[in-house]
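Understanding the architecture of this molecule
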Amino acid sequence: MAILITGGAGYIGSHTCLELLNIGYEVVVVDNLSNSNKESLDRVDKITGKHIQFYNIDLLDRENLEAVFMENKIDAVIHFAGFKAVGESVELPLSYYQNNITGTIILCQVMQKYNVKKMVFSSSATVYSPTTSGAISEDSPLGATNPYGRTKLMIEEILRDLYVSDNSWSISLLRYFNPVGSHISGRIGEDPNGIPNNLTPYITQVAVGKLNQLRIFGDDYPTSDGTGVRDYIHVVDLAKGHLKAIDKVMIVTGVEAYNLGTGKGYSVLEMVHAFEQTSGKSIPYIIVDRRPGDVAVCYADSSKAKRELGWVAERGIEEMCADAWRWQLNNPNGYHDVEDKVIIGQGS
Ligand code: NAD
Ligand code: UDP
């Protein structure tokens, strides 16, 4: 069975390709490498001993996208491709709307034409209204606060409308909380361009000496230590969530949203201390003003994913930190490091 992965060379996509190959799927990737490196897929090939069919194609390029559907018998699509930086989306809203929304529409049109109607879509916890407090369930109020989040929300609505128009579609909307960590091999991982926006790559780059100190955005939130609380989820658990969603879309039609998180929140300072413990490095930090748009607390109620997909996150905070650190230590410059270091005993 062949699964088309859009954005498969990226952080979550590459980890998902690996898990799909490990359980015997054929994997076809479409990625324009706008935020990734083909080396990620070469490493997945090496780790798994299998081969990914790769197309360097932009989703906006309908003609070449169609060729992928003609050349391969695609059974379902996992749709990761998109721009994802919140701040950049405020600066460049039109690019975000064009890339994320138009890209998705073209993909759906091509899927429809080739009668492929099973899709797993990368949504995000950013679709929830920031006024929500406590554990967020799929029924919590929606309301994104920036163009990036709005692309996710609009795409969810487009996919719901698509299903209403044609009940033979089967779509899972996976709302990720905060993906962190990397595959245990330390050979694939998160490789942000420039200075990271997200907490864990920032911490690992401080630990490895690339950045001087972490800036903690606010210590006056109504949380146990005043710093923001998030639901960090190991990227391998997240990848496995996609396998469960694929199982589901293969057998039932409809559109369903699922939260993928651990259900447990950690503060920024708890993350810093956990990382210091696993890495043995100290993480210098300063407290600065709150980052505009940040909420105090955000964590998932993932009971629907457990109930309906049979999925739960299994990896805890120590594993998240240890795996993130192994990747950073072995690849201080991400995929720009030419050497792919194989650590004995930590294969696929
Ligand atoms: P990523 O940037 O590493 O991966 C996205 C991939 O899509 C990249 O390889 C990029 O080159 C590709 N891409 C972008 N636009 C494309 C286009 N028009 N045509 C072809 N390829 C294109 O990001 P990620 O962290 O792996 O995230 C994957 C998905 O999950 C994204 O849709 C993102 O919005 C969503 N998501 C990510 C997070 C997170 O914190 N990482 C959280 C919630 C949701
Ligand atoms: N954060 C921080 N310093 C940083 C990056 C993030 O203090 O350099 C905090 C941020 O305010 C939030 C948490 O870490 O409370 C997670 O932020 P991230 O950007 O990783 O994810 P978000 O939840 O915003 O999508």
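Computed from a prediction, not measured in an experiment: that's the story for all the values here. (Residues numbered from 1 in each chain as written. Chains lettered and ligands numbered in written order. Predicted model: local features only at pLDDT ≥ 70, side-chain atom pairs only at ≥ 80, totals over all residues. Heavy atoms only, no water.)

As for the environment of Asp45
Worth spelling out the cut-off: In DSSP terms, a helix is any run of H or I states spanning at least four residues, a strand is any run of E spanning at least two, and both are numbered starting from the N terminus. Two residues form a contact once any of their heavy atoms are found within 4.5 Å.
Structurally, Asp45 can be placed in helix H2 (residues 39–48). Here the alpha-carbon distance between Asp45 and Gly226, two residues 181 residues apart in the chain, equals 44 Å. Each residue touching Asp45, except ones within four places of it in the same chain, is listed here: Lys50, His51 and Ile52.

Overview of the site of ligand 2
Quick note on the threshold: In this text, near means that some heavy atom of the residue lies within 4 Å of the molecule or strand in question. Within 3.5 Å is the distance limit for a polar contact, defined as a pair of N or O atoms, with the added protein rule that one can donate a hydrogen and the other accept it, and that residues adjacent in sequence qualify only through two side-chain atoms. What sets the accessible areas is the Shrake-Rupley method with a 1.4 Å probe; for residues, cover comes only from the shown protein chains. Note that Gly is not counted as nonpolar here; it falls among the polar residues with everything else outside the nonpolar set of Ala, Val, Leu, Ile, Met, Phe, Trp, Tyr, Cys and Pro and the charged set of Asp, Glu, Lys and Arg.
In the vicinity of ligand 2, 15 residues are found, and the nearest of them are Leu199, Arg215, Arg230, Arg291 and Asp294. Take Asn178: an N or O atom from its side chain is 3.0 Å from an oxygen atom of ligand 2. For ligand 2, whose accessible area on its own is 510 Å², the fraction buried by protein is 87%. Taken together, the elements giving at least two residues each to the shell around ligand 2 come down to helix H7 (199–207) and strand S9 (214–217). The greatest single-element share of the shell around ligand 2, amounting to four residues, is contributed by S9. Looking at the shell around ligand 2 residue by residue, the classes come out as seven nonpolar, four polar and four charged.

Considering the sheet that holds strand S2 (residues 26–30)
Put simply, the test is: DSSP bridges decide pairing: two strands pair if at least two such bridges lie between them. Geometry is summarised by axes, namely lines fitted to C-alpha atoms with helices restricted to the contacting stretch, and by angles between N-to-C directions that run from 0 to 180 degrees.
On the basis of which strands lie adjacent, the open sheet formed by seven strands has the order S3-S2-S1-S4-S5-S7-S12 and parallel pairing. The sheet is open, and its two borders are formed by strand S3 (53–55) and strand S12 (254–260), each paired with just one other strand. Each neighbouring strand pair of the sheet contributes to a mean axis angle of 20 degrees, computed without reference to strand direction. Packed onto the sheet, helix H6 (residues 147–165) meets strand S5 (118–124), strand S7 (170–176) and S12 and runs at close to 155 degrees relative to S5.

Thoughts on the sheet that holds strand S10 (residues 229–230)
The strands making up a sheet associate through hydrogen bonds between their backbones, and the pairing can be parallel or antiparallel. Spatially, the four strands line up as an open sheet ordered S6-S15-S10-S13, and their pairing is mixed. Of all strands in the sheet, those with a lone pairing partner are strand S6 (135–136) and strand S13 (266–267), marking the two edges. Looking at chain direction, S6 and strand S15 (residues 297–300) are connected through two bridges and run parallel. What sits directly across from Ala135, in S15, is Tyr299.

Structural notes on the pairing of S9
Counted only if it meets this: Exposure is judged per residue with a 1.4 Å probe applied to protein chains only, and the accessible area is read against the type maximum: over 50% gives exposed, under 20% gives buried, and values in between give partly exposed.
Covered by surrounding structure in S9 are Leu214 and Ile216 only, the residues Arg215 and Phe217 on the alternate face being uncovered. One ladder, built from four bridges, connects S9 with strand S14 (residues 285–288); its direction is parallel. What sits directly across from Ile216, in S14, is Ile287.

Focus on the site of ligand 1
In the region of ligand 1, 26 residues are neighbours, and Asp31, Asn35, Ser36, Asn99 and Tyr148 sit closest. At 2.8 Å, a backbone N or O of Ile12 approaches an oxygen atom of ligand 1. Protein contacts shield 95% of the accessible area of ligand 1, which totals 820 Å² for the unbound molecule. The set of elements that each furnish at least two residues to the shell around ligand 1 consists of helix H1 (11–22), S5 and H6. With three residues, the top contributor of residues to the shell around ligand 1 is S5. Class assignment for the residues of the shell around ligand 1 results in eleven nonpolar, eleven polar and four charged.

Here's the deal with the side chain of Thr104
You can see Thr104 is positioned in helix H5 (residues 93–113). Every residue in contact with Thr104, bar those within four places of it in the chain, is listed here: His79, Asn99 and Ile155.

Regarding the pattern of salt bridges
Put simply, the test is: In what follows, salt bridge is the name for a side-chain nitrogen of Lys or Arg lying within 4 Å of a carboxyl oxygen of Asp or Glu.
One pass over the full model with this rule turns up 14 salt bridges. Across the pair Asp237 and Arg315 runs a salt bridge, and its minimum N-O distance is 2.7 Å. With Asp237 in helix H8 (residues 235–251) and Arg315 in the loop between helix H10 (303–309) and helix H11 (317–330), the pair connects residues that are 78 residues apart, well separated along the chain. For Lys304, the salt bridge is made with Glu256, and the minimal N-O distance between the two is 2.6 Å. With Lys304 in helix H10 and Glu256 in strand S12, the pair connects residues that are 48 residues apart, well separated along the chain. Taking the relative accessible area as the measure of exposure, Glu256 reaches 32% and is therefore partly exposed. Beyond isolated ion pairs, a larger network of salt bridges with shared partners links Asp237, Arg315 and Glu319.

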